[in-house]
Amino acid sequence: MKTPFLYALTLSSVITVGMSAAHAKDTISVVGSNSVTPLMEVLGETYSQSQPVVIEVQGPGSSAGIRSAHNGSSDLGMSSRNLKSSEQASNIQEVVIARDGIAVVVNNKNSVSQLTKEQVAQIYKGELTNWKQVGGADTPIVVATRDTASGTRGAFEDIMKLKKKINGQKVSAISQRAQVSSGNGQLKTIVANNPFAIGYISLGSVDNSIKPLAIDGQLPSVNAIKAGQYAVQRPFLVIYKNGRPSKSALAFLDWIQTPDAQKIVASKGYVAIK
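First, a word on what this report is: a plain description of the structure on this page. Just so it is clear, the model here is predicted, and its values are computed rather than measured.

Let us now look at the overall build of the protein. Looking only at helices and strands, the protein features nine helices and 13 strands. Burial statistics for the protein: of 274 residues in total, 47% are counted as buried. Once local pairs closer than 6 in sequence are excluded, the contacts in the protein between residues at least 24 apart make up 72%. Within the structure as shown, the protein displays about 13,800 Å² of accessible surface, and the carbon and sulfur contribution to it stands at 50%. Separation of charge centres in the protein, based on 28 positive and 18 negative side chains, amounts to 2 Å.

Printed below as a string of structure tokens:
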């Protein structure tokens, strides 16, 4: 009598293991830009609803995402700036999945509504230190910036020409007195809570808690970016190393470039590539 019972238990275990394997999901790792992360999370959640995959997204910064692509520690890397020449390689692929504006933002109580690119650069270099110098109230300017690993900061420095040479090396020209934040959310909070502050964030992160400024007479918007009228913009990139991503990861990247996925990009306030 014991033998049939043991056989039944064994058969049951085999079926359970088989069912588990049948329902196993591939894990896709995506690491990088803090600015790209919110969009990637939405895309990942949408894709995983119809595909047997789990998409894990981490946003430590663009530099970390580029490194993860190079060393193969993730399937896909994310960057919100163009790669430097030292980061490019024949086995590293770059795919533009969206475009984004960088909005220069101030507190809602600030009377200033526009600046030129030159004025923004002077403020970030510490050459302009009072809002009165750019048509505002006689109050100090509190500068907020992103950390050096940020792709948003890298793109902002390139666009605003905030680089200088020291001992033959290009380094940031942003004032060392600037308050440093680790992400769009933290920087936005600094500006929203300080009437004297100025900062820069992803256009997709702009909301009613802060006021975006017109730069050279043009407010940031999706239409202005598409028309080439708003110059403070950058690509959202996915980077990967040849041979590293799984088939599932490459299928996910292909899907991101489809019209259906690009509708999600546009619905989140970014510029679709299709």
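Read on, since the account is not over.
For the rest of this paragraph, the subject is the pattern of salt bridges. According to the stated counting rule, one finds six salt bridges in the structure shown. With a shortest N-O distance of 2.9 Å, Asp207 and Lys188 are connected by a salt bridge. Of this pair, Asp207 sits in the loop between strand 10 (197–202) and strand 11 (211–212) while Lys188 is found in helix 6 (residues 184–193), placing the two residues 19 residues apart along the sequence. Connected via shared salt-bridge partners are Arg153, Glu157 and Lys163.

The next thing to look at is the pairing of strand 2 (residues 53–58). Where burial is concerned, the two faces of strand 2 differ: the one with Val53, Ile55 and Val57 is buried and the one with Val54, Glu56 and Gln58 is not. Strand direction decides the pairing type here: strand 1 (residues 26–32) and strand 2, joined by six bridges, are parallel. Paired with Ser29 across the bridge in strand 2 is Glu56. Following the chain from strand 1 across helix 2 (residues 37–48) to the adjacent parallel strand 2, one finds a crossover that is right-handed.

In this section: the environment of Pro212. Mapping Pro212 onto the fold places it in strand 11. With a relative accessible area of 26%, Pro212 lands in the partly exposed category. If near-sequence neighbours (up to four positions away) are discounted, Pro212 is found in contact with Ala103, Val104, Val105, Val206, Leu219 and Pro220.

The geometry of helix 2 relative to helix 8 (residues 247–256) is characterised by a closest axis approach of 11 Å and an angle of 110 degrees between their N-to-C directions. With respect to helix 8, the element helix 2 is oriented roughly perpendicular. Contacts between helix 2 and helix 8 involve Met40, Leu43, Gly44, Thr46 and Tyr47 from the former and Ser248, Ala251, Phe252, Trp255 and Ile256 from the latter. The residue inventory of the contact of helix 2 with helix 8, partitioned by class, reads seven nonpolar, three polar and no charged.

Since one α-helical turn is 3.6 residues long, residues separated by three or four positions face the same way. Among all positions of helix 9 (residues 259–267), only Ala261, Gln262, Ile264 and Val265 are buried. Seen from one end, helix 9 has its buried residues packed into an arc of 150 degrees, which puts them on one side. For helix 9, the exposed residues set more than 90 degrees away from the buried face come down to Pro259, Asp260, Lys263 and Ser267. Contact partners of the buried residues in helix 9: helix 2, strand 4 (92–106) and helix 8.

Bringing the packing of aromatic side chains into the picture now. This model, assessed by the stated rule, comprises seven aromatic pairs. Look at Phe156 and Tyr200: their rings are 3.9 Å apart centre to centre, the planes differ by 10 degrees, and that puts the pair in the stacked class. Pair noted here: Phe156 is in helix 5 (residues 151–159) and Tyr200 is in strand 10, with a separation of 44 residues, a long-range link. The exposure class of Phe156 is buried, given its relative accessible area of 0%. Consider the rings of Phe236 and Tyr270, whose centres lie 5.3 Å apart with planes at 50 degrees: the pair is tilted. Taken as a pair, Phe236 in strand 13 (residues 233–241) and Tyr270 in the segment after helix 9 lie far apart in primary sequence, 34 residues in all. Residue classification places Tyr270 among the buried residues on the basis of a relative accessible area of 4%. One aromatic cluster is present, formed by Tyr47, Phe252 and Trp255 through successive ring pairs.

Each value, and the rule that gives it
- Within any chain, residue numbers begin from 1 and follow the written order of that chain's sequence.
- Given that this is a predicted model, residues contribute local features only at a pLDDT of at least 70 and side-chain atom pairs are listed and counted only at 80 or more, while totals for whole chains, interfaces and linings are drawn from all residues.
- Excluding hydrogens and water, the side-chain values take into account all heavy atoms of the structure.
- Numbering of helices and strands runs from the N terminus, with a helix taken as a DSSP run of H or I at least four residues long and a strand as a DSSP run of E at least two residues long.
- For each residue, the accessible area found with a 1.4 Å probe, counting protein chains only, is set against the maximum for its type, and the residue is called buried under 20%, exposed over 50%, and partly exposed in between.
- Should any heavy atoms of two residues lie within 4.5 Å, those residues are counted as being in contact.
- Each accessible area is a Shrake-Rupley estimate made with a 1.4 Å probe; only the visible protein chains count as cover when residues are assessed.
- Here the positive residues are Lys and Arg and the negative ones are Asp and Glu; neither His nor the chain ends is included.
- To locate a charge, the coordinates of NZ of Lys, CZ of Arg, CG of Asp or CD of Glu are taken.
- Salt bridge criterion: a side-chain nitrogen from Lys or Arg within 4 Å of a carboxyl oxygen from Asp or Glu.
- Any two strands are treated as partners once DSSP identifies two or more bridges connecting them.
- Crossovers are marked right-handed if the path from the first strand over the helix to the second runs clockwise, as seen with the strands pointing away from the viewer.
- For helices, the axis comes from a line fit to the C-alpha atoms of the stretch in contact; other axes are also lines fit to C-alpha atoms, and the angle between any two N-to-C directions lies between 0 and 180 degrees.
- These descriptions rest on fixed angle ranges, namely under 35 degrees for roughly parallel, over 145 for roughly antiparallel, 65 to 115 for roughly perpendicular, and the rest for oblique.
- For this classification, the nonpolar set comprises Ala, Val, Leu, Ile, Met, Phe, Trp, Tyr, Cys and Pro, the charged set comprises Asp, Glu, Lys and Arg, and every other residue, Gly included, is treated as polar.
- Picture the helix axis, draw a direction to every C-beta atom, and the arc is the one those directions span.
- Side-chain rings of Phe, Tyr and Trp, where Trp is taken by its six-membered ring, are said to pair if the distance between their centres is within 6.5 Å; with planes under 30 degrees apart they count as stacked, over 60 as edge-to-face, and otherwise as tilted.

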